[in-house]
Amino acid sequence: MLDIKWIRENEQALDEALAKRGAGPIAAELVAMDERRRSIIQKLQDMQSRRNAASKEIGAAMAQKNLELAEKLKAEVAEIKETMPAAEQEEREAIAALDDALSRLPNIPLDDVPVGKDEHDNVVKRVVGEKPRWNHPAKEHFDIGEALGYMDFDRASKLSGARFTVLTSQLARLERALGQFMLDMHTMEHGYTEVSSPLMVKAEAMYGTGQLPKFEEDLFKTTDGRYLIPTAEVTLTNLVSAETLEQEKLPLRFTALTPSFRSEAGSAGRDTRGMLRQHQFWKCELVSITDAESAIAEHERMTECAENVLKRLGLHFRTMTLCTGDMGFGARKTYDIEVWLPGQDTYREISSCSVCGDFQGRRMNARYRVKDEKALRFVHTLNGSGTAVGRCLIAVLENYLNEDGSVTIPDALLPYMGGLTKIEKA
């Protein structure tokens, strides 16, 4: 959420920033809503002040035995009391309308974010490793997995419908190995604190990280009004909601390996085969809670932590700086890490690392205290995938495919594979 005080003082800057994201001007409308809100609040305060003053004047009039004035003042107080509930309701509605409008505004891009419309305007930041060179043809992951006998979409559909996968035996083990490998790397090498957190959250948590109210159609909602998490970003970031932290204890770095649940609304016809776009998938999430001065450096650090997973697995990838039109709702700047998939002959996103400024901190009312400063500041937050387990499994299958259809296990995963060095046909 953006600060309405900043918007009042920077109307043109807001509209220019939104234009970079492909949105129309809205600053004047927001300022008008805020002026109406402030006017109603002032009117209500004036009514309360007059009521209190008139009540005192009644006592003075009674003491002076001026019964006519006392009755007149009593009538005035009664009229104010009668009209105040309507004014209070008007105040609540004005505040709610402004809050709702502000909650739907995307974050302001940083100045160094490239301006563009969509993924075609993203900019390559770096390329790591090389594409594999083989004498045998590349295959897509679903062809590899089904041929091995350990990837079953028909049974998954029987259980749950489209966009689910059943993995068995050696591929189930590989999926588990990838998640454990990522979690161990981020906790033991990168200094993140492992968290086991709920998979269902209240609406307030979804609001805090920006999924609500704008993106409710992308979420799965339970019958009691809670939501299945679309990413552990929601729980890890909201760990500090409504808290005041000490600056010297920042940054806080959290990681979690959890399932993620997404309705994939609006993705009909996209990636319908295989595991690329699922309603349920495992992901190792990274979250940092920090201060304003450290956020940009923390963004670079987090991206490097995610990249290290792919480097250790020997996977070729590139890191992209997303343009203004392709960034997520709450991000000020985002790096997408795209792994090379030989079967598709293209790069696909496997991690997205974003710095959000105090956008989520405001929504969560999470603050930090600076030494020798009276005023509190909102925390700055960052999140990233470290990485998406299912997509990493896809990358391993396609990049480590052998001519005979078997898949070699990357060296980094061998300690997790119970002696397996190769995945072979059942």
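It should be noted that the structure appears before, not after, this text.
In every chain, residue numbers begin from 1 and rise along the written sequence. Local features in this predicted model are restricted to residues whose pLDDT is 70 or higher, and side-chain atom pairs enter the listing and the counts only when it is 80 or higher, whereas totals over whole chains, interfaces and linings include all residues. Think of the side-chain values as coming from all heavy atoms in the structure, minus any hydrogens and water.

S.K.: What is the right way to read the pattern of salt bridges from this model?
M.R.: Close approach of charged atoms allows side chains of opposite charge to pair. Throughout this description, the term salt bridge denotes a Lys or Arg side-chain nitrogen within 4 Å of a carboxyl oxygen of Asp or Glu. Counted by the stated rule, this structure contains 28 salt bridges. The partner of R36 in a salt bridge is E90, with the nearest N and O atoms 3.7 Å apart. Placement of the pair is R36 in helix 3 (residues 27-63) and E90 in helix 4 (residues 67-103), with a sequence separation of 54 residues. A 1.4 Å probe rolled over the protein chains alone gives each residue an accessible area, and that area as a share of the maximum for its type sets the label: buried under 20%, exposed over 50%, partly exposed in between. With relative accessibility at 43%, the residue R36 sits in the partly exposed group. Judged by its relative accessible area of 24%, E90 falls in the partly exposed class. Linking E285 and K283 is a salt bridge whose minimum nitrogen-to-oxygen distance equals 2.4 Å. Runs of H or I in DSSP of at least four residues are treated as helices and runs of E of at least two as strands, each being numbered from the N terminus.

S.K.: Please explain the sheet that holds strand 5 (residues 200-201) as it appears in this structure.
M.R.: The pairing of strands in a sheet comes from backbone hydrogen bonds and takes either a parallel or an antiparallel form. In this scheme, strands are said to pair when DSSP sees at least two bridges between them. One open sheet accounts for three strands, arranged 5-7-6; its pairing is antiparallel. Each edge of the open sheet carries a strand with a single partner, namely strand 5 and strand 6 (220-221). As paired strands, strand 5 and strand 7 (residues 227-228) are joined by two bridges and run antiparallel to one another. Along strand 7, the bridge assignment pairs V201 with Y227.

S.K.: Looking at this model, I keep getting lost on the side chain of Q170. Mind explaining?
M.R.: Looking at the secondary structure, you find Q170 in helix 7 (residues 169-188). Counting of polar contacts relies on pairs of N or O atoms within 3.5 Å, with two restrictions inside protein: one atom must be capable of donating a hydrogen and the other of accepting it, and residues adjacent in sequence are counted only when both atoms are side-chain atoms. Among the polar contacts listed, one links the side chain of Q170 to the side chain of Y150, at a separation of 3.1 Å. With residues up to four places along the chain from it excluded, the contact list for Q170 reads Y150, M417, L420, K422, I423 and E424. Throughout, a residue-residue contact means that at least one pair of heavy atoms, one from each residue, lies within 4.5 Å.

S.K.: Please explain the side chain of H299 as it appears in this structure.
M.R.: Summarising the element assignment, H299 is placed in helix 10 (residues 295-312). By relative accessible area, H299 is classed as buried at 2%. Beyond its immediate stretch of four places on either side in the chain, H299 contacts K333, T334, Y335, C353, S354, V355 and L382.

S.K.: Help me understand the sheet that holds strand 15 (residues 377-378) in this model?
M.R.: Read across the sheet, three strands follow the order 8-14-15 without closing on themselves; strand pairing throughout is mixed. Looking along the sheet, the strands with just one partner apiece sit at the ends: strand 8 (244-246) and strand 15.

S.K.: Can you walk me through helix 12 (residues 389-399) in this structure?
M.R.: Residues three or four positions apart in an α-helix share a direction because the helix packs 3.6 residues into each turn. Counting buried residues in helix 12 gives 11 out of 11 residues, a clear majority hidden from the surface. Every buried residue of helix 12 is listed here: V389, G390, R391, C392, L393, I394, A395, V396, L397, E398 and N399.

S.K.: Looking at this structure, I do not really get the environment of V379. What am I missing?
M.R.: In this structure, V379 sits in the loop between strand 15 and strand 16 (380-388). Separated by 116 residues in sequence, V379 and S263 place their C-alpha atoms 30 Å apart. Residues in contact with V379, not counting those within four places in the same chain, are L245, I289, T290, G357, D358, G361, A366, R367 and Y368.

S.K.: Could you clarify how one ought to interpret the nonpolar core in this entry?
M.R.: Soluble globular proteins tend to pack their nonpolar side chains together in the buried interior. Buried Ala, Val, Leu, Ile, Met, Phe, Trp, Tyr and Cys residues form a nonpolar core when they are joined through side-chain atoms within 4.5 Å. Within the largest apolar cluster, 56 residues are counted, with the highest numbers of intra-cluster contacts made by L174, L178 and L313. At the level of secondary structure, the elements contributing two or more residues to this core comprise helix 5 (141-148), helix 7, strand 10 (280-290), helix 10, strand 12 (333-341), strand 13 (346-355) and helix 12. Broken down by element, the residue count for this core peaks at eight residues, all from helix 7. L174 has contacts with L393, V396, L397, I409, L413, M417 and I423, leaving out every residue within four places of it along the chain.

S.K.: How do you make sense of the environment of Q64 when you look at a structure like this?
M.R.: Of note, Q64 is situated in the loop between helix 3 and helix 4. Overall, Q64 belongs to the exposed group, its relative accessible area being 62%. C-alpha separation for the pair Q64 and K20, spaced 44 residues apart in sequence, amounts to 68 Å.

S.K.: So what exactly am I meant to see when it comes to the packing of aromatic side chains here?
M.R.: In this description, a pair of aromatic rings is defined by centroid distance and the angle of the planes. Stacked, tilted and edge-to-face pairs are distinguished by plane angle, under 30 degrees for stacked and over 60 for edge-to-face with tilted covering the rest, among Phe, Tyr and Trp rings (Trp via its six-membered ring) whose centres lie within 6.5 Å. Inspection of the entire model under this criterion finds four aromatic pairs. Relative to Y416, the ring of F181 lies with its centre 6.4 Å away and its plane at 75°, an arrangement referred to as edge-to-face. In this pair, F181 is assigned in helix 7 and Y416 in the loop between strand 17 (407-408) and strand 18 (422-423), connecting sequence segments 235 residues apart. Take F181: its relative accessible area is 4%, and that puts it in the buried class. Among the residues examined, Y416 registers a relative accessible area of 22% and is labelled partly exposed. With a centroid separation of 5.0 Å and an interplanar angle of 70°, the aromatic rings of W340 and Y347 are classed as edge-to-face. Here the two residues W340 and Y347 agree in accessibility, since each one is buried. These aromatic residues form a ring-pair network of at least three members: F215, F329 and F359. Two thresholds decide whether a charge sits over a ring: the Lys NZ or Arg CZ must be within 6 Å of the ring centre and within 35 degrees of the ring normal. The side chain of R363 reaches across the aromatic face of Y207, ending 4.4 Å from its centre.

S.K.: Which parts of the structure should I look at to understand the pairing of strand 10?
M.R.: Side-chain direction in a regular strand flips from residue to residue, so the side chains alternate between the two faces of the sheet. With respect to burial, strand 10 is a largely interior element, nine of its 11 residues being buried. Examined bridge by bridge, strand 9 (residues 252-261) and strand 10 share 10 bridges and lie antiparallel to one another. Opposite L257, over in strand 10, you have C284 as the bridge partner. Where strand 10 meets strand 16, seven bridges bridge the pair, whose relative direction is antiparallel.

S.K.: How should I be thinking about unusual backbone geometry in this particular structure?
M.R.: Between L212 and P213 the backbone carries a cis peptide bond, its omega angle lying at 5°. If you trace the backbone, P213 turns up in the loop between helix 8 (203-209) and strand 6. Following G386, the chain continues to T387 via a peptide bond in cis, the omega torsion being 10°. Take T387: it is sitting in strand 16. Look at R163: it is not a glycine, yet its phi comes out positive at around 65°. Its location among the elements puts R163 in the loop between helix 6 (153-160) and strand 3 (166-167). One non-glycine residue, A242, lies in the positive phi region at around 60°. Tracing the backbone through its elements, the reader meets A242 in the loop between helix 9 (233-238) and strand 8. For A242, a relative accessible area of 62% translates into the label exposed.

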